[in-house]
Amino acid sequence: MNNDVYQNPLTDRYAGKEMSYLWSPQFKHSTWRRLWLMLAKCEQKLGLAITDSQIAAMEQHLDDIDFDKVAAKERELRHDVMSHIHVFGELCPEAMPIIHLGATSCFVTDNTELIQMREGLKIIRGKLLRLMSQLAAFCDANKALPTLGFTHFQPAQLTTVGKRFSLYLQDFLLDFERVEEEIERIPFRSVKGTTGTQASFLELFDGDHAKCRQLERDVAAGMGFSNVIAVSGQTYTRKIDYFVLSILSGIAQSASKMATDIRLLANLKEVEEPFGKKQIGSSAMAYKRNPMRSERVCSLSRYLMSLPANAAMTEATQWFERTLDDSANRRIVLAESFLAADIILSLLINITDGLQLWPKVIARRIQSELPFMATENLLMAAVKKGGDRQALHEVIRTHSMAAARRVKEEGADNDLLDRLRNDPAFACIRDEFDSLLDPSTFIGRAPQQVEEFLAERVRPVLDQYRAELDAATADAVNV
């Protein structure tokens, strides 16, 4: 590593190998060569004078790229695509006359980026599947574990740990559905020519429009695309970039929501992310267990969520058939969007794989708030035994104010239930207090909602993609 130049943390510190390779110079430029090969094959099939030996020569040099030689040629020509054409042609001089025949630079640049985005979404899909599988298991295991709910981060009606985490799972399921739709929908630019009119190809095929259309379909199919964008200028519409980055932003939104809640729960000591045996939480405070993974998720998510605005501005400022002010920008924003999304999902996979619950802390917090929440149940039970609703309400109000004052002024435990249990007004239900205060009676249909959600929405997806899920890997996470 050269420590005298800037290093991109996304690749040098965090990136997964598969996603990092997808956006590497090697993948990018070997894909250029594959596109030139596919173009030549399809042109030959439609009757152009391209020989089998020319195609064979190209096939022998798809991956052996001399990047130093390309860099030297680019300093001379000031054009990246032409530099690669020349270096490729030097390796297969017989094919040099037909490399890039009829094409413009965007034939390789735009089509490669569409391939990278589609393949990147497939990597994201695999990691979403793994994350959803782990979350589903966690939700199922904790579907009936009562926990204090929060609205406005103030104590609210009880829910369950599994139900709370099913909210995160549902967000990721919605993201997964959009990823899957975009993989199927994303178009190929294929062969459009310099301003999108296919004039060069019409000339090559002596005015045969049918062959121009067939070439477009054949090249796309050869590169694995069934969908070709209907019309373009020199570039495909940059709205495609915005659509894709919006999906990645959606994943970041879901991730940040979940990671933020884990950070808050860690402060409450109810939930903790994995923590290594020798991991240091603070250089000064040796006792600390900071939720560093979740904090990193939030940090990278904030960056990723900002990027669709960049893509939107690029689309909005493209002039006529094209302008090059998108190029330098997109070299950064496309790759970094996918790298960030990939890292975020790897972190969440790691977190959910070792998420630590502390049920006794959760139960203690419930008990500290349940007295106030249980008063309605106690009131109704006493009324059923013949009590006066209004008189009982006043007894509860008086004891509630006294108990709350004791908690706030003295820092003492909440003794409201003991006050009510010992008050003659509630003597008729004194033997029922324990059953009326069972936390499981305050969680409504939360366990059943989790079961239904998993059975009806989540498991069918996991079963459908079982082979991909089993093959999905998670990158190592270093904190």
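Just above, that's the structure.
A brief look at the structure comes next. (Residues numbered from 1 in each chain as written. Predicted model: local features only at pLDDT ≥ 70, side-chain atom pairs only at ≥ 80, totals over all residues. Heavy atoms only, no water.)

## A short note on the layout of surface pockets
Size it by volume and the largest pocket reaches roughly 420 Å³. Gly149, Phe150, Thr159, Arg164 and Leu167 are the residues nearest the centre of the largest pocket, which is lined by 21 residues in total. Its residues assigned to classes, the lining of the largest pocket shows 11 nonpolar, 6 polar and 4 charged. (1 Å grid on protein atoms, 1.4 Å probe; cavity = no way out; pocket = protein on both sides within 12 Å on 5 of 7 lines; lining within 4 Å. Points joined across faces, edges and corners; volume = space filled by probe spheres on them. Nonpolar A, V, L, I, M, F, W, Y, C, P; charged D, E, K, R; others polar.)

## Regarding unusual backbone geometry
A positive phi angle is found at His152, which is not glycine, with a value near 60 degrees. Structurally, His152 is set in the loop between β1 (146-151) and β2 (154-160). (Helix = DSSP H or I, 4+ residues; strand = E, 2+ residues; numbered from the N terminus.)

## Remarks on the packing of helix α7 (residues 105-141) against helix α18 (residues 446-464)
Packed helices, taken two at a time, are described by the angle their axes make and the gap between the axes. Running from N to C, α7 and α18 point in directions that differ by 155 degrees, and their axes come no closer than 11 Å. Overall, the two elements α7 and α18 adopt an arrangement that is roughly antiparallel. You can see that α7 and α18 cross each other, and the crossing is left-handed. Residue-level contacts link Leu129, Met132, Ser133, Ala136, Cys139 and Asp140 of α7 to Val450, Leu454, Val458, Arg459, Val461 and Leu462 of α18. Here the residues of the contact of α7 with α18 sort into 9 nonpolar, 1 polar and 2 charged. (Axes fitted to C-alpha atoms, helices over the stretch in contact; angles between N-to-C directions. Parallel < 35°, antiparallel > 145°, perpendicular 65-115°, else oblique. Left-handed = near helix turned anticlockwise from the far one by under 90°. Contact = heavy atoms within 4.5 Å.)

## Looking at the nonpolar core
One finds Trp36, Met58, Met117, Ile124 and Phe426 to be the most contacted residues of the largest nonpolar core, which totals 134 residues. The element contributing the most residues to this core is α7, with 16 residues. Sequence-distant contacts of Phe426, that is, excluding residues within four places in its chain, are made with Leu378, Leu379, Ala382, Leu392, Val395, Ile396, Leu420 and Phe433. (Core = buried A, V, L, I, M, F, W, Y, C linked by side-chain atoms within 4.5 Å. Buried < 20%, exposed > 50% of the residue type's maximum accessible area, 1.4 Å probe, protein only.)

## Quick look at the packing of aromatic side chains
Tallied over the full model, the rule gives 10 aromatic pairs. The interplanar angle of 80 degrees and the centroid separation of 5.8 Å between the aromatic rings of Tyr21 and Phe27 together place this pair among those described as edge-to-face. Here Phe27 falls in the buried class, since its relative accessible area comes to 17%. Through a chain of ring-to-ring contacts, three or more aromatic side chains come together here, namely Trp32, Trp36 and Phe88. It is Arg118 that lies over the ring of Phe225; its NZ or CZ is 3.8 Å from the centre. (Phe/Tyr/Trp six-rings, centres within 6.5 Å; stacked < 30°, edge-to-face > 60°. Lys NZ or Arg CZ within 6 Å of the ring centre and 35° of its normal.)

## Some thoughts on the pattern of salt bridges
Counted under the stated rule, the structure contains 32 salt bridges. A salt bridge links Arg125 to Glu180; the nearest nitrogen and oxygen atoms lie 2.7 Å apart. Highlighted residues: Arg125 in helix α7 and Glu180 in helix α8 (residues 161-185), separated in sequence by 55 residues. Considered together, Arg125 and Glu180 belong to a single accessibility category, that of buried residues. In this structure, Arg365 and Glu270 form a salt bridge, with 2.9 Å as the shortest nitrogen-oxygen distance. (Salt bridge = Lys/Arg side-chain N within 4 Å of Asp/Glu carboxyl O.)

## A few points about the side chain of Thr104
Within the secondary structure, Thr104 is located in the loop between α6 (80-91) and α7. Sequence-distant contacts of Thr104, defined by excluding residues within four places in its chain, comprise Arg189, Gly193, Thr194 and Gln234.

## Let's talk about the pairing of β1
Looking at chain direction, β1 and β2 are connected through 5 bridges and run antiparallel. Bridging from a neighbouring strand, Thr147 pairs with Thr159 of β2. (Pairing = 2+ DSSP bridges.)

## Some thoughts on empty space enclosed by the protein
Rolling a probe over the atoms, with the probe sized like a water molecule, indicates the empty space that remains. The full count for this structure, using the stated rule, is 2 cavities of 30 Å³ or more. Taken as a whole, the second largest cavity spans an internal volume of roughly 30 Å³. Together, Thr147, Val161, Arg164, Phe165, Leu265, Glu270, Val271 and Ile362 line the second largest cavity. With 3 residues, the single largest contributor to the lining of the second largest cavity is α8. Taken together, the residues of the lining of the second largest cavity break down into 5 nonpolar, 1 polar and 2 charged.

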